[in-house]
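So the chains spell out like this:
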Amino acid sequence: MFHNKSTAIFLLLSSACLITAAQISVNLSQAELPSSVEPLLPEKHKTTSTTSTTTPSTTTPTTSTTTTTTTTTTTTTPAPTTTPAPTTTPTTTSSTTSAPITTTPAPKPFPEPDIVTWNSSCIMVKMAAQLNFTYETKDNKIARGLYNIPKNAVVDDQHCEMNTTQFLQINWGPDKAQHIMLMQFDRVKTTANMTMIMFTLPLLSADFPNAKENQTIQLVHRSGEFSAPTKMSYHCTRPQVFNLTKTVEDPEVVGTVRVHDVQVEAFRSSKSAGFSAARDCDSSGTSDVAPIAVGIALGALILIVLISYLCARRRSSSRGYMSF
């Protein structure tokens, strides 16, 4: 009987073990083995990694198997930290051609006029002359221009027959556009002077490219200039400026003429080779004859006084001797 009880207990235990083994087998078949898990650490502290290995337990039908979990810690020796060499970026020299700086040159000063001598049978003139006047441009504006009387200007006409008025005309430029300077001299008693100077100036495109086409300027100055006694010349080195108008009667000044190194003689003899004695513009108008005459008179007076004194002294001496 005891044997039967032992057999029954054995059978019951065996059945329980089989049932338990079957359940464990089912659970293990459905379980997912965990992979190695590495902790999240900052880059500079990531020096160790932890590997977890789970070993499933093996269960026999007769004994109870204990599941053992083995944790393997792998210590990784950190590699020596090497500071990377600084990356040198090659300097690229770009040959960029900059645009040249354009400098506007300062305008050159207008050249000085040439000193020219014009000679006729009765009038001789030497001077440098420059005109400064206004004119109309192509776009109907008013501009100012400078013009020098050129050295290739020549005497074209003269009037020497009259005793009180004489003319000298000087021309230059192309035949179809003649430039003219006309000078008039009058004589009053023993003094001659220039009473008028007139310019006729066609504005050529070569000299005035912005001037309105077919434009001719006329400029007149009327006054008593370059005055000197007859048989003498007028001389003045310093610059002189005279106002110019469009006509003789027009009072509006539209330009000027600037002259320097002037020497002028009118009503001269045709046999004269050069200028007569000059009267300078900066000298006084009194003739040199008067001072000379005054000097001579004073000298004669002094001589007379001296002779009278000597004569009177001689007489007084003679009378003294006679008293003894």
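Placed above this text is the structure.
Residues numbered from 1 in each chain as written. Predicted model: local features only at pLDDT ≥ 70, side-chain atom pairs only at ≥ 80, totals over all residues. Heavy atoms only, no water.

## Notes on the overall build of the protein chain
Okay, step 1: What the protein chain contains, in helices and strands, is two helices and 14 strands.
Okay, step 2: Within the protein chain, contacts between residues at least 6 apart in sequence are counted, and of these 52% link residues at least 24 apart.
Okay, step 3: Counting only carbon and sulfur atoms, one obtains 59% of the accessible surface of the protein chain, whose full area is about 23,200 Å². (Helix = DSSP H or I, 4+ residues; strand = E, 2+ residues; numbered from the N terminus. Contact = heavy atoms within 4.5 Å. Areas by Shrake-Rupley, 256 points an atom, 1.4 Å probe, with all protein chains shown as cover.)

## Some details on the nonpolar core
Okay, step 1: Of all hydrophobic cores here, the largest spans 44 residues; its most connected members are Met127 and Phe133.
Okay, step 2: Looking at which element gives the most residues to this core, the answer is strand β4 (residues 124-136), with six residues.
Okay, step 3: Residues in contact with Phe133, not counting those within four places in the same chain, are Ala143, Arg144, Gly145, Tyr147, Leu201, Leu203, Phe208, Ile217, Leu219, Val254 and Gly255. (Core = buried A, V, L, I, M, F, W, Y, C linked by side-chain atoms within 4.5 Å. Buried < 20%, exposed > 50% of the residue type's maximum accessible area, 1.4 Å probe, protein only.)

## Some points on the packing of aromatic side chains
Okay, step 1: Overall, the coordinates contain six aromatic pairs when judged by the stated rule.
Okay, step 2: Ring geometry for Phe133 against Tyr135: centres 6.2 Å apart, planes inclined by 55°, an arrangement best described as tilted. Across this residue pair, the class does not change: Phe133 and Tyr135 are buried.
Okay, step 3: Linked through ring pairs, Phe133, Tyr135, Tyr147 and Phe208 together constitute an aromatic cluster. (Phe/Tyr/Trp six-rings, centres within 6.5 Å; stacked < 30°, edge-to-face > 60°.)

## Quick notes on the layout of surface pockets
Okay, step 1: Taken as a whole, the second largest pocket holds about 190 Å³ of empty space.
Okay, step 2: In this structure, the second largest pocket is lined by 13 residues; those nearest its centre are Thr134, Tyr135, Ile217, Lys246 and Val254.
Okay, step 3: Elements that contribute at least two residues to the lining of the second largest pocket include exactly β4, β10 (216-229) and β13 (253-265).
Okay, step 4: Broken down by element, the lining of the second largest pocket gets its largest block of residues, four residues, from β10.
Okay, step 5: For the lining of the second largest pocket, a count of residues per class yields six nonpolar, four polar and three charged. (1 Å grid on protein atoms, 1.4 Å probe; cavity = no way out; pocket = protein on both sides within 12 Å on 5 of 7 lines; lining within 4 Å. Points joined across faces, edges and corners; volume = space filled by probe spheres on them. Nonpolar A, V, L, I, M, F, W, Y, C, P; charged D, E, K, R; others polar.)

## Describing the side chain of Asn148
Okay, step 1: Assignment of secondary structure puts Asn148 in strand β5 (residues 142-148).
Okay, step 2: According to the relative accessible area criterion, Asn148 is buried, its value standing at 16%.
Okay, step 3: For Asn148, the side chain forms a polar contact with the side chain of Gln130, separated by 2.9 Å.
Okay, step 4: Residue contacts for Asn148: discarding those within four places in its chain leaves Phe110, Pro111, Glu112, Pro113, Ala129 and Gln130. (Polar contact = N/O pair within 3.5 Å; in protein donor to acceptor, adjacent residues only side chain to side chain.)

## Quick look at the state of the cysteines
Okay, step 1: By the definition in use, this model includes two disulfides.
Okay, step 2: Through a disulfide, Cys236 is tied to Cys281; the S-S separation comes to 2.1 Å. Handedness here is read from the sign of the S-S torsion; for Cys236 and Cys281, about 65°, the answer is right-handed. Of this pair, Cys236 sits in strand β11 (residues 233-236) while Cys281 is found in the loop between β14 (278-280) and α2 (289-323), placing the two residues 45 residues apart along the sequence.
Okay, step 3: On the basis of relative accessible area, Cys281 is assigned to the buried category, the value being 16%.
Okay, step 4: Counting its disulfide-bonded cysteines in sequence order, the protein chain shows a connectivity of 1-2, 3-4. (Disulfide = S-S within 2.5 Å.)

## What about the pattern of salt bridges?
Okay, step 1: What the rule picks out here adds up to four salt bridges.
Okay, step 2: The salt bridge involving Glu112 is made with Arg258; its shortest N-O contact spans 3.2 Å. Note that Glu112 is positioned in the loop between β2 (68-75) and β3 (116-119) and Arg258 in strand β13, a separation of 146 residues in sequence.
Okay, step 3: Under the relative-accessibility criterion, Glu112 is labelled partly exposed at 48%.
Okay, step 4: Among the residues examined, Arg258 registers a relative accessible area of 26% and is labelled partly exposed.
Okay, step 5: With its nearest N and O atoms 2.8 Å apart, the salt bridge here joins Lys212 to Glu136. (Salt bridge = Lys/Arg side-chain N within 4 Å of Asp/Glu carboxyl O.)

## Thoughts on empty space enclosed by the protein
Okay, step 1: Following the criterion strictly, the structure yields one cavity of 30 Å³ or more and no others.
Okay, step 2: For the lining of the largest cavity, the secondary structure elements donating two or more residues are β9 (191-202), β10, β11 and β13.
Okay, step 3: With three residues, the single largest contributor to the lining of the largest cavity is β10.
Okay, step 4: When its residues are assigned to classes, the lining of the largest cavity shows nine nonpolar, three polar and one charged.

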